[in-house]
Amino acid sequence: MGEQSVALITGGSRGIGRAIVERLAADGFYVLFTYAAQANKADEAIRAVEANGGKASAVRCDLGDLAQCEAVFAALDKLGLPLKVYVNNAAQYDVTPISAVTAELFDRTVAVNLRAPFFMSRLAAARLVNGGRIIYISSLSEHLASPMYVSYTASKSALRALVLAYAQELGPRGITVNALCPGMTDTDMSRQFTSVAPEMLQLTISKTALNRIGQPEDLANAVAMFAGPDSAWITAQVIDCSGGYGLM
């Protein structure tokens, strides 16, 4: 049996990130993930992985702090295992109208959602094995009018540039770089939004071909597909993963 490879996931203690942690661990990866604040949630995710025979560990990290981002890779290096997959999942989200967005809020959102993916992808690229994977969790809202969370959507839109640049840069090593764009998914983030605009839940379902909002496992399954060998010829793509939102 070959050496176990590592999948590194940002924001892995809750929601979509936790589903990705559990799925990639079930697929045989040693999963190292970051969390922002709730150590109890990170511990729960690790216990869930171990209960299913997998291996995982977590590092607390404020992705807005580049020194802490670098410390994540120091923890990775200590594992002594090859890095095969980097998943950028963590994001800063705010429900704030354009008129109320402060410079501090905008800068914080961009730091977590764009600056961190850029620098962490560069750190990951230096460690990824040939044939490795970088996968970003973006958002379907990147190409929708979103005045209530414009700093979030602006930062997510910019991930498209990272996908293209890193795919070109890392292609000679067989490393693929892609992004998945979920629509509304049943997470704390979406519940924050629907608590402000409750009518959006049924409206979104009515506009989605598969007639429901997404579940974290839907995204985890898509990540697993792109993390696996059958996706080796797909790179530089930003892919709708919304269940068919806006088709009718």
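Coordinates for the structure precede this section.
Residues numbered from 1 in each chain as written. Predicted model: local features only at pLDDT ≥ 70, side-chain atom pairs only at ≥ 80, totals over all residues. Heavy atoms only, no water.

A. The arrangement of the overall build of the protein in detail. The helix and strand inventory of the protein stands at nine helices and seven strands. Along the first, second and third principal axes, the C-alpha atoms of the protein reach 50 × 40 × 40 Å. Taking all 248 residues of the protein together, the buried fraction comes to 47%. Counting every atom, the protein has about 11,500 Å² of accessible surface; 55% of that belongs to carbon and sulfur. (Helix = DSSP H or I, 4+ residues; strand = E, 2+ residues; numbered from the N terminus. Buried < 20%, exposed > 50% of the residue type's maximum accessible area, 1.4 Å probe, protein only. Areas by Shrake-Rupley, 256 points an atom, 1.4 Å probe, with all protein chains shown as cover.)

B. A look at the sheet that holds strand E4 (residues 83-88). Reading across the sheet, the seven strands line up as E3-E2-E1-E4-E5-E6-E7 and stay open at both edges, with parallel pairing between neighbours. Here the strands that pair on one side only, and so sit at the sheet edges, are strand E3 (55-60) and strand E7 (237-241). Between one strand and the next, the sheet's axes are offset by a mean angle of 20°, whatever the strand orientation. Relative to strand E5 (residues 128-137), E4 runs parallel, the two being bridged by five bridges. Considered in E5, the bridge of Val87 is made with Ile135. In the packing of helix H1 (residues 15-26) onto the sheet, contacts are made with strand E1 (6-9), strand E2 (30-35), E4 and E5, and the angle to E1 comes to roughly 180°. On the sheet, helix H4 (residues 103-125) packs against E4 and E5 and is oriented at approximately 175° with respect to E4. (Pairing = 2+ DSSP bridges. Axes fitted to C-alpha atoms, helices over the stretch in contact; angles between N-to-C directions. Contact = heavy atoms within 4.5 Å.)

C. Up close: the pairing of strand E6 (residues 176-182). In terms of burial, E6 is a largely internal element, seven of the seven residues being buried. Burial along E6 is two-sided: Thr176, Asn178, Leu180 and Pro182 facing one way and Val177, Ala179 and Cys181 facing the other are all buried. One ladder, built from five bridges, connects E5 with E6; its direction is parallel. When the sheet's bridge partners are listed, Ile137 is paired in E6 with Leu180. Pairing between E6 and E7: five bridges, direction parallel. Looking across to E7, one finds that Leu180 is bridged to Ile239.

D. Representation of the pattern of salt bridges. Taken as a whole and assessed by the stated rule, the structure comprises 10 salt bridges. Across the pair Asp77 and Arg127 runs a salt bridge, and its minimum N-O distance is 2.8 Å. With Asp77 in helix H3 (residues 66-79) and Arg127 in the loop between H4 and E5, this residue pair connects regions lying 50 residues apart in the sequence. On the basis of relative accessible area, Asp77 is assigned to the partly exposed category, the value being 43%. Owing to a relative accessible area of 29%, Arg127 belongs among the partly exposed residues under this scheme. Where Glu142 meets Arg160, a salt bridge forms, and the shortest distance between an N and an O atom there is 2.2 Å. Here Glu142 is found in the loop between E5 and helix H5 (150-157), whereas its partner Arg160 is found in helix H6 (residues 159-170), with 18 residues between them in sequence. Since its relative accessible area comes to 12%, Glu142 is described here as buried. Residue Arg160 is classed as partly exposed on the basis of its relative accessible area, which comes to 37%. One continuous salt-bridge network, built from bridges that share partners, spans Arg14, Asp186, Asp188 and Arg191. (Salt bridge = Lys/Arg side-chain N within 4 Å of Asp/Glu carboxyl O.)

E. Spotlight on the side chain of Thr185. Summarising the element assignment, Thr185 is placed in the loop between E6 and helix H7 (188-196). Since its relative accessible area comes to 5%, Thr185 is described here as buried. Reaching out from Thr185, the side chain makes a polar contact with the backbone oxygen of Gly183 at a distance of 3.0 Å. Leaving out residues up to four positions away in the same chain, Thr185 has contacts with Ile16, Ser190, Ile213, Gly214, Gln215, Pro216 and Leu219. (Polar contact = N/O pair within 3.5 Å; in protein donor to acceptor, adjacent residues only side chain to side chain.)

F. Highlighting the nonpolar core. With 31 residues, the main nonpolar core has Leu63 and Tyr136 as its most contacted residues. Within the residue set of this core, elements represented by two or more residues are E1, E2, H3, E4, H4, E5, H6 and E6. A total of six residues in this core trace back to one element, the largest contributor, which is H6. Ignoring sequence-local partners within four residues, the contact set of Leu63 consists of Thr10, Cys69, Ala90, Ala111, Val112, Ala116 and Met120. Among the nonpolar cores identified, the runner-up in size contains 29 residues, and Val21, Leu24, Phe29 and Val87 belong to it. (Core = buried A, V, L, I, M, F, W, Y, C linked by side-chain atoms within 4.5 Å.)

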